Amino acid sequence: MKDDRLKVIYVDDEVPLLQLGKIFLERSGSITIDTVSSAKEALKMIPAGNYDAIISDYQMPGMDGIEFLQVIRETIGDIPFILFTGRGREEVVIQAINNGADFYLQKGGDPVPQFVELEHKIHQAAFRKKTEGLLCQSERTSRALLNATADAVALLDINLNILDANDVFSDRVSSKPLDVIGKNLSEFTSEDVYNTRKQKFDEVVQTKRAIRFEDSNNDLNLENNFYPIFNENGDIVRFAVFTRDITSSKRKESELSNAYEKIAQEEEELRNQFDLLAESEKLVKASEERLLMAQAIGHMGCWEFDRTKQTFWGSVEARKILGIPLDCEEISIADLEERIIENEFSKESFLNLIFNNTEYNITYKVNPLDGSPHKIVHSVGKVEKDSEGKITRVIGVIRDVTQEKLAEKNLIYVNNLLESLIKQAPYAILLIRGTPENITVIINNRFSSQMLGDPVYSGDPVDVNKPHVTLPRFFSTDGTKEIELKDMPGSRALLGEYVNREEYLIRLPNETEYIGEINAFPLFDENNLIIAGAVVAQDVTQRKRDEDVRDKMVEALSLSLALSKVGYWEYDLTEEILTWSDELFFYFGQDPLTYKPSIEGMRTLIQPDDLPGFNRMMQNTIDTGETESRNIRIIHPDTSIHTLKVVISAKKDDRGVVHRLFGTCLDIS
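Along each chain, residue indices are assigned from 1 in the same order as the chain's sequence is written. Per-residue local features of the predicted model are confined to residues with pLDDT of at least 70, and side-chain atom pairs are confined, for both listing and counting, to 80 or more; whole-chain, interface and lining totals are unaffected and use all residues. To get the side-chain values, take all heavy atoms of the structure and skip hydrogens and water.

Caption draft 1: Geometry of unusual backbone geometry. Although it is not a glycine, Leu160 sits at a positive phi angle of roughly 65 degrees. Put simply, DSSP marks the helices as runs of H or I at least four residues long and the strands as runs of E at least two long, and each gets a number from the N terminus on. Following the sequence through the fold, Leu160 ends up in the loop between strand E6 (152-157) and strand E7 (162-165).

Structure, rendered in structure tokens:
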């Protein structure tokens, strides 16, 4: 039986604490703990241990927790790492975060809630790692499917904006794959070609059927297939476009036509010289009909069945499709029937064509005679009779549709994959319709059912106004004001409003409460009419608690800085915004009511001889991420000189790039 428990290694030089932690963390049965008393021993165990997460103390002999974390990130990778330590200094927290720790927990106090919180963080980190892996795998699979075909493939919205495209499409328009996303199809075609294709898309919308046609663009002859993609209401919301380059086929067709015209001229001369006009006319007519059919259907092949000799004749393209040697113009019909996989069905259809004059328009699989992989072909045929009603010829056309069928199968797979991702998403998703006073849930996943407190996850529409559906109550986040359902984000989305990250206190029927963050937006049809509303929600209770703890820590830090008379400033490198504490207005000799801090303004207040050193200090911190310090002289408006002790540290983003600077100033004049 597969062991679904999370496997975790716990590193701490305090053996009693290791034993206590192992007992607490393993008692739920969802985690198994390996303990080790030093980071160096842990590094020997981790490569072969297949661990889901690492818990580490900070202060350990030989190698501390931060050094251990750095080695893990350099050699092992992104395995979840939780720093669990009694050291609560701010620099330890900053180092942990900067070096890629997933969570930081401080020891001390009651061990029960402490280890409960640690267990929660383990599950949270492992789940996040697993989810990221699944999403990456899904994206790679979808992209591989798009690039598997030799045709140019694009996914368009109802306004012909490109939502996705494969490499063949981007190569054909001489762009990078990501550069075409979000652009309109009109940017890659001439105005005439775009107008023609727009008419074809309109025809697909009107008939709700796929369409195939040929056109030219940028000196290429193209065969286009437009397939509609429907939503749950049967409305077209997307187009799948498959475009094949048939320039070479068209050129060969033109060469064949020119060759025929030359032959026809020569035959006309022969007819004038020999008394074989009647037989020559039959041959010319047969050749003309074969050529006209080939010209009409482009890259398709044509065939003819000789009832007398029981032989099959095929054009060059037909012989290529069926794997018949090009130097063999006719083969026995019995030899060909042996290669058809659905032989009985094909044979019955062919006999019905000959004896009952019924429609012959079938798709079947065939194993080509040359041993190449089996193909899916589409064939259409008809019989010709003389004036007495006797069959004179059985003719038809054949086309290789293997790639089209594969593309259709791949498209269905991608759609099913996307629907599965919605159902398995780790947050609540609902699609609703109706009015704010009469709402019906048409799609939801299990997380939305959990957040609503009612088991409505069935895949069937649910009318929330029915008596058997019990809904939670909604309040402002402080719990002082109850919000009616008609004023909630989903109801407002049905009226056309876009709602972004609104928070509510949600009280379930069992009196359980949590803070929910809700996003909602309307969905439109091709006529820009609202057909549904989408609601995405998640439980942010724990995040709000963490934010409260952070705010209290910031408040305590600000108080500490004020008591120590240390000025504090922060500079956002992305937004180029500088903020600082009240002490710095005094240290820089500026009026808090009129002066707006900025990094350039700060530089103008520094004594010119000290400015290069200040600039180097800032740049070194940005380049290396290391903390820098320096004494800087400041010139006040009254020309007095004040010396400040300036310390600058950095914060990096998820890519390891410094995006924010933090500084402190102390007047040491």
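Right, picking up where we left off after that structure.
Caption draft 2: Just the nonpolar core, in detail. Only buried Ala, Val, Leu, Ile, Met, Phe, Trp, Tyr and Cys residues count toward a nonpolar core, and they belong to the same one when joined by side-chain atoms within 4.5 Å. Accessibility here uses a 1.4 Å probe with only protein chains present; expressed as a share of the type maximum, an area under 20% marks a residue as buried, one over 50% as exposed, and anything in between as partly exposed. Of all hydrophobic cores here, the largest spans 25 residues; its most connected members are Trp569, Trp580, Phe588, Met602, Phe614, Ile648 and Leu661. For this core, the secondary structure elements donating two or more residues are strand E25 (567-572), strand E26 (577-580), helix H18 (582-587), helix H19 (599-604), helix H20 (611-624), strand E27 (628-635), strand E28 (641-652) and strand E29 (658-667). Among the elements that make up this core, the one with the highest residue count is E28 (four residues). If you look at the next biggest cluster of nonpolar residues, it comprises 22 residues, including Phe312, Leu322, Val394 and Ile398.

Caption draft 3: Seen up close, the sheet that holds E6. One open sheet accounts for five strands, arranged E7-E6-E10-E9-E8; its pairing is antiparallel. Both edges of this open sheet fall to E7 and strand E8 (211-217), since each of them pairs with a single strand only. On average, each strand axis in the sheet is tilted by 25 degrees relative to the strand beside it, whichever way the strands run. Two strands make a pair as long as DSSP finds a minimum of two bridges between them. Sheet topology places E6 next to E7; three bridges connect them, and they run antiparallel. Paired with Leu155 across the strands is Asp164, a residue of E7. By the convention used here, residues are in contact when the closest approach between their heavy atoms is within 4.5 Å. Interaxial angles span 0 to 180 degrees and are taken between N-to-C directions of axes, which are lines fitted to C-alpha atoms, for helices over the stretch in contact. Seen against the sheet, helix H8 (residues 191-207) touches E6, E8, strand E9 (220-230) and strand E10 (236-245) and runs at an angle of roughly 175 degrees to E8.

Caption draft 4: The arrangement of the packing of helix H2 (residues 39-49) against helix H3 (residues 65-75) in detail. Remark: H2 packs on H3, axes separated minimally by 10 Å, with the N-to-C direction vectors making an angle of 20 degrees. Classified by the angle their axes make, H2 and H3 are roughly parallel. As H2 packs across H3, the resulting crossing turns out to be right-handed. On H3, the residues that touch Ala39, Ala42, Leu43 and Ile46 of H2 are Phe68, Val71 and Ile72. Of the residues belonging to the contact of H2 with H3, the class tally is seven nonpolar, no polar and no charged. Note on angle classes: values under 35 degrees are labelled roughly parallel, values over 145 roughly antiparallel, values of 65 to 115 roughly perpendicular, and the remainder oblique. If you view the pair so one helix is near and one far, a crossing is left-handed when the near helix is turned anticlockwise from the far one by less than a right angle, and right-handed when it is turned clockwise. Residues are grouped as follows: nonpolar covers Ala, Val, Leu, Ile, Met, Phe, Trp, Tyr, Cys and Pro; charged covers Asp, Glu, Lys and Arg; every other residue, Gly included, is treated as polar.

Caption draft 5: Molecular detail of the pattern of salt bridges. Salt bridge criterion: a side-chain nitrogen from Lys or Arg within 4 Å of a carboxyl oxygen from Asp or Glu. Per the stated rule, a full pass over the model turns up 31 salt bridges. Among the salt bridges present, the one from Lys121 reaches Glu117, with a minimum N-O distance of 3.6 Å. Separated by four residues within a single helix, Lys121 and Glu117 lie in helix H5 (residues 111-146), roughly one turn from each other. Take Lys121: its relative accessible area is 6%, and that puts it in the buried class.

Caption draft 6: Focus on the packing of aromatic side chains. By convention, a stacked pair of Phe, Tyr or Trp rings (six-membered ring in the case of Trp) has centres within 6.5 Å and planes under 30 degrees apart, an edge-to-face pair has planes over 60 apart, and any other such pair is tilted. Applying the stated criterion across every chain, the model contains 16 aromatic pairs. Taken together, a centroid distance of 6.1 Å and an interplanar angle of 25 degrees make the contact between Trp303 and Phe312 stacked. Of the two residues examined, Trp303 and Phe312, each falls in the buried class. Aromatic pair Trp580 and Phe585: ring centres 5.5 Å apart, planes at 85 degrees, arrangement edge-to-face. Neither residue differs from the other here; Trp580 and Phe585 are each classed as buried. Remark: a charge is flagged as sitting over a ring if the NZ atom of Lys or the CZ atom of Arg is within 6 Å of the ring centre and within 35 degrees of the ring normal. Sitting over the ring of Tyr51, Lys7 keeps its end group 5.1 Å from the ring centre. Taking the ring centre of Phe84 as reference, the NZ or CZ of Lys107 above it sits at 5.9 Å.

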